[in-house]
Amino acid sequence: VRKIRPKRDKKTKSQLGLGKEIKMTFRLGIIGAGRIGRIHCDNILSLHKKAELLAICDPRLDHTLVTNKSISHLFTQEDDFFCQNLDAVIIASPTPCHKRQIEKAIERRWHILCEKPLDLTLDSHLEIRDLLSKNQVKFQIGFNRRFDNDFAKIADYQKTGKLGRPYYVRITSRDPGLPSMEYLSSSGGMFLDMSIHDFDMARFIMNSDISEIFARGGVLTDNRLLEIDDIDTAIITLKFDNGTFGVIDNSRSATYGYDQRVELFGSQGSLANNNHHTTTVELCDEKGTHQEPLLDFFLERYQLSYAAELSAFIDSCINNKAPMPDISDAIHAISAAIAAKESLRLHQPVKVLKP
Ligand SMILES: NC(=O)c1ccc[n+]([C@@H]2O[C@H](COP(=O)([O-])OP(=O)(O)OC[C@H]3O[C@@H](n4cnc5c(N)ncnc54)[C@H](O)[C@@H]3O)[C@@H](O)[C@H]2O)c1
């Protein structure tokens, strides 16, 4: 563990609006420095002049992560990390750690940006909602796709009413391959780990809550998933409160790259995004028309959305704005994911709880 005393700017610039003063720099910590934690780390360091990344904690801390970077405190022990003097924390540890770490952060009155899902049960979400309501701490859930320009444009257009009466939203979300078995075994399974982004996206685009879900799914690509009671392929149909419908198709195995498409279809037309390729260049020759490959995975495809998500979080903390997406969005998405899991088990439609 390396400890270097950080340079602090003690000048007060503004109020957080929560009875707590904010220094010139907004002091952030990251707990969990794996795939997603490193993205947040890079974004803070490269984009946010007023945010100081003061501490990182990861039991398997990889020091190459911070080579040449000005992070003052590196920890392998969670307790040491939670003794720091921070304004906010980004929780990017494995999902089973989130709830405990959120509770510790709330105790310290740190604002929280937590990766999805908050936890694997609805009860945990409700406990955290309760704690947040008693403590003036901001909580944003890591549904970064809301900050993607393509999807935000579709959602905004839907709100204008120019697409007429919406009929259904169609979401294709296919990963290029499986994450590690270690990751998968604590992830909560495909619906809670992967489709949860799509449940949130469907609700965001349709601007209505999901009322009922019918999910089919199975293991078509890798039998190791059977051992951990997970699936790799799913087709999910949705009914929304506003009488419209949705369909999500998910796969953990798209051999051609990261496939992320949304279409909203309504009485005045349809609105859809295209996949992102490594370049927009097209080759036309005697064999046909060829494009560059799709972007490889979420790190590349959603790079800008992670940066925008972080900016929104910092803005909500510094300027005392309501965070978005918040704990209620986390609750809706986990309820939908749990309903999908139940629907798969029962082979029938299941109502989405709205606690
Ligand atoms: N928003 C997104 O697009 C997105 C993408 C990937 C993952 N995630 C979520 O982010 C979280 C992490 O996923 P990942 O892909 O980065 O996983 P990962 O396995 O790559 O990284 C997790 C890191 O957490 C560390 N860790 C383990 N126990 C810890 C503890 N007690 N405290 C702190 N750190 C601990 C591990 O050593 C590892 O470095 C998961 O909840 C996942 O669902 C979100």
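Above this text sits the structure in question.
Residues numbered from 1 in each chain as written. Predicted model: local features only at pLDDT ≥ 70, side-chain atom pairs only at ≥ 80, totals over all residues. Heavy atoms only, no water.

1. Things to note about the nonpolar core
Part 1 of the reasoning: Counting 71 residues, the largest nonpolar core has F81, I112, F199 and I213 as its most contacted members.
Part 2 of the reasoning: Among all residues touching I213, those that are not within four sequence positions of it are F199, I236, T237, L238, A336, A339, A340, S343, Q348, P349, V350 and V352. (Core = buried A, V, L, I, M, F, W, Y, C linked by side-chain atoms within 4.5 Å. Buried < 20%, exposed > 50% of the residue type's maximum accessible area, 1.4 Å probe, protein only. Contact = heavy atoms within 4.5 Å.)

2. Side note on unusual backbone geometry
Part 1 of the reasoning: A cis geometry characterises the amide bond from K116 onward to P117, with omega recorded as -20°.
Part 2 of the reasoning: Relative to the elements of secondary structure, P117 occurs in the loop between strand 7 (111-114) and helix 4 (122-134).
Part 3 of the reasoning: Across the junction of M324 and P325, the peptide omega takes the value -5°, indicating a cis bond.
Part 4 of the reasoning: One non-glycine residue, R109, lies in the positive phi region at around 60°. (Helix = DSSP H or I, 4+ residues; strand = E, 2+ residues; numbered from the N terminus.)

3. Quick word on the packing of aromatic side chains
Part 1 of the reasoning: Here the structure, examined in full by the defined rule, presents nine aromatic pairs.
Part 2 of the reasoning: Between Y258 and Y302, the aromatic rings sit 5.9 Å apart at their centres with planes inclined by 90°, giving edge-to-face as the arrangement. Here Y258, found in the loop between strand 12 (245-251) and strand 13 (259-266), pairs with Y302, found in the loop between helix 9 (298-301) and helix 10 (303-318); they are 44 residues apart in sequence, far enough to count as distant.
Part 3 of the reasoning: We classify Y258 as buried; its relative accessible area is 2%.
Part 4 of the reasoning: Looking at Y302, the relative accessible area reads 1%, which means it is buried.
Part 5 of the reasoning: Every member of this aromatic cluster is reached through a ring pair, and the members are F151, Y258, F297, F298 and Y302.
Part 6 of the reasoning: Across the ring face of Y183, the terminal group of R35 is positioned such that the distance to the ring centre comes to 4.9 Å. (Phe/Tyr/Trp six-rings, centres within 6.5 Å; stacked < 30°, edge-to-face > 60°. Lys NZ or Arg CZ within 6 Å of the ring centre and 35° of its normal.)

4. Describing a nonpolar patch on the surface
Part 1 of the reasoning: On the surface, a nonpolar cluster with roughly 280 Å² of combined accessible area is contributed by Y167, Y168 and F245.
Part 2 of the reasoning: With respect to the element layout, F245 can be found in strand 12. (Patch = residues over 30% accessible without salt bridge, like charges linked within 9 Å, V, L, I, M, F, W, Y side chains within 5 Å. Areas by Shrake-Rupley, 256 points an atom, 1.4 Å probe, with all protein chains shown as cover. Salt bridge = Lys/Arg side-chain N within 4 Å of Asp/Glu carboxyl O.)

5. Examining the site of the ligand
Part 1 of the reasoning: The environment of the ligand is formed by 29 residues, the closest being R35, D58, T95, K116 and Y306.
Part 2 of the reasoning: A distance of 2.8 Å separates an oxygen atom of the ligand from a polar atom in the side chain of R35.
Part 3 of the reasoning: Separating a nitrogen atom of the ligand from a side-chain N or O atom of E115 is a distance of 2.8 Å.
Part 4 of the reasoning: When residues in the shell around the ligand are grouped by element, the largest group, five residues, is from helix 3 (residues 95-107). (Near = heavy atom within 4 Å. Polar contact = N/O pair within 3.5 Å; in protein donor to acceptor, adjacent residues only side chain to side chain.)

6. A closer look at the pattern of salt bridges
Part 1 of the reasoning: Using the criterion set out here, one finds 27 salt bridges in the structure.
Part 2 of the reasoning: R145 is the salt-bridge partner of D198, the closest N and O atoms lying 3.3 Å from each other. You can see D198 sitting in helix 7 (residues 190-206) and its partner R145 sitting in the loop between strand 8 (139-141) and helix 5 (149-160), a full 53 residues away along the chain. R145 shares its class with D198; the two are buried.

7. Some details on the packing of helix 1 (residues 35-47) against helix 10
Part 1 of the reasoning: It is at 10 Å that the axes of helix 1 and helix 10 come closest, and there the two elements cross at 65°. One way to sum up the angle between helix 1 and helix 10 is to call them roughly perpendicular. Helix 1 and helix 10 meet at a crossing whose hand is right-handed. Residues I36, I39, H40, N43, I44 and L47 of helix 1 pack against Q303, Y306, A307, E309 and L310 of helix 10.
Part 2 of the reasoning: Of the residues belonging to the contact of helix 1 with helix 10, the class tally is seven nonpolar, three polar and one charged. (Axes fitted to C-alpha atoms, helices over the stretch in contact; angles between N-to-C directions. Parallel < 35°, antiparallel > 145°, perpendicular 65-115°, else oblique. Left-handed = near helix turned anticlockwise from the far one by under 90°. Nonpolar A, V, L, I, M, F, W, Y, C, P; charged D, E, K, R; others polar.)

8. Things to note about the sheet that holds strand 8
Part 1 of the reasoning: The parallel open sheet is built from six strands, whose spatial order is 5-4-3-6-7-8. Since the sheet does not close on itself, it has two edges, and those belong to strand 5 (73-75) and strand 8, each with one partner. Within the sheet, the average angular offset between the axes of one strand and its neighbour, ignoring direction, is 20°. (Pairing = 2+ DSSP bridges.)

9. A closer look at the environment of I171
Part 1 of the reasoning: Tracing the backbone through its elements, the reader meets I171 in strand 9 (residues 166-174).
Part 2 of the reasoning: Assessed through its relative accessible area of 3%, I171 is described here as buried.
Part 3 of the reasoning: Linking I171 and G246, residues 75 residues apart in sequence, is a C-alpha distance of 7.8 Å.
Part 4 of the reasoning: Ignoring sequence-local partners within four residues, the contact set of I171 consists of D198, M201, A202, V247, I248, D249, R261 and V262.

10. Points about the side chain of S93
Part 1 of the reasoning: One can find S93 in the loop between strand 6 (88-91) and helix 3.
Part 2 of the reasoning: Under the relative-accessibility criterion, S93 is labelled buried at 9%.

Don't take any of this as a statement about function, it's just geometry.
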